[in-house]
Amino acid sequence: ELDLLLHALGKLFHLPGQPLGELQALASVDLVVNAGEIHALVGENGSGKSTLIKCLSGFYTPDPGSLIEVEGGDLAAALAKTEWLNAKLGALGAK
């Protein structure tokens, strides 16, 4: 049973006033999480871990063309049921 599907997830930040003007935080991220599985995001600072979690929690809107399916439906429907977010998605920061 599929619990979470990410396909071609991207997040581009527009940074007015910065020398480059843009930051591609996520590019073409694919992830499949089946029911009952536990996954961890581990990586260097600035590798997009927090951005990915914020896209999954609805804090950031992914770029057009990004696909996020949760339990066979779209992310907005899953986020409307706060029990999904509380039961299925957790984040711990490093100190």
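Further up the page is the structure itself.
What comes next concerns the included structure. Every chain is numbered independently, its residues counted from 1 as its sequence is written. It should be noted that, the model being predicted, local features are given only for residues of pLDDT at least 70 and side-chain atom pairs only at 80 or more, the latter also being counted only at that level, while totals for whole chains, interfaces and linings use all residues. Neither water nor hydrogens contribute to the side-chain values; these are computed over all heavy atoms in the structure.

1. Some details on the overall build of the chain
Step number 1: Helical segments are the DSSP runs of H or I of at least four residues, strand segments are the runs of E of at least two, and each set is numbered from the N terminus. Of the regular secondary structure elements, the chain holds 3 helices and 4 strands.
Step number 2: In sequence order, the secondary structure elements of the chain are arranged as β-β-α-β-β-α-α.
Step number 3: Every one of the 95 residues in the chain was classed for burial, and the buried ones make up 24%.
Step number 4: Look at the contacts in the chain between residues 6 or more apart in sequence, and 50% of them connect residues 24 or more apart.
Step number 5: Accessible areas in this description were obtained via Shrake-Rupley with a 1.4 Å probe; residue shielding takes into account the shown protein chains only. Of the roughly 6,600 Å² that the chain leaves accessible, carbon and sulfur atoms contribute 56%. Classification of residues uses two cut-offs on accessible area relative to the type maximum, computed with a 1.4 Å probe and protein chains only: under 20% is buried, over 50% is exposed, and between them is partly exposed. Residues count as neighbours in contact if any of their non-hydrogen atoms are within 4.5 Å of one another.

2. As for unusual backbone geometry
Step number 1: Phi at Ala8 is positive, roughly 55°, even though this residue is not glycine.
Step number 2: Within the secondary structure, Ala8 sits in strand β1 (residues 2-14).
Step number 3: Look at Ser28: it is not a glycine, yet its phi comes out positive at around 55°.
Step number 4: The exposure class assigned to Ser28 is exposed, which follows from its relative accessible area of 56%.

3. With respect to the nonpolar core
Step number 1: Leu4, Leu6, Leu9, Leu26, Val33, Leu52, Cys55, Leu56, Ile68, Val70, Leu75 and Ala78 together form the largest nonpolar core, which totals 12 residues.
Step number 2: Those elements giving two or more residues to this core turn out to be β1, β2 (22-34), α1 (49-56), β3 (67-70) and α2 (75-80).
Step number 3: With residues up to four places along the chain from it excluded, the contact list for Leu52 reads Leu6, Leu9, Leu26 and Leu41. Here, the term nonpolar core denotes a set of buried Ala, Val, Leu, Ile, Met, Phe, Trp, Tyr and Cys residues that are joined through side-chain atoms within 4.5 Å.

4. Brief notes about the environment of Val32
Step number 1: For Val32, the location among the structural elements is in strand β2.
Step number 2: Note on Val32: relative accessible area 44%, which makes it partly exposed.
Step number 3: The spacing of Val32 and Asp3 is 29 residues in sequence and 7.9 Å in space, taken between C-alpha atoms.

5. Here we look at the pairing of β3
Step number 1: On β3, burial follows the alternation: Ile68 and Val70 on one face are buried, whereas Leu67 and Glu69 on the facing-out side are not.
Step number 2: As defined by bridge partners, β3 adjoins strand β4 (residues 73-74) across 2 bridges and the pair is classed as antiparallel. Across the sheet, the residue bridging to Val70 is Gly73, located in β4.
Step number 3: By definition, two strands form a pair when at least two bridges between them are found by DSSP. Remark: 2 residues form the turn of the hairpin made by β3 and β4, two consecutive strands paired antiparallel; Glu71 in that turn has positive phi of roughly 50°.

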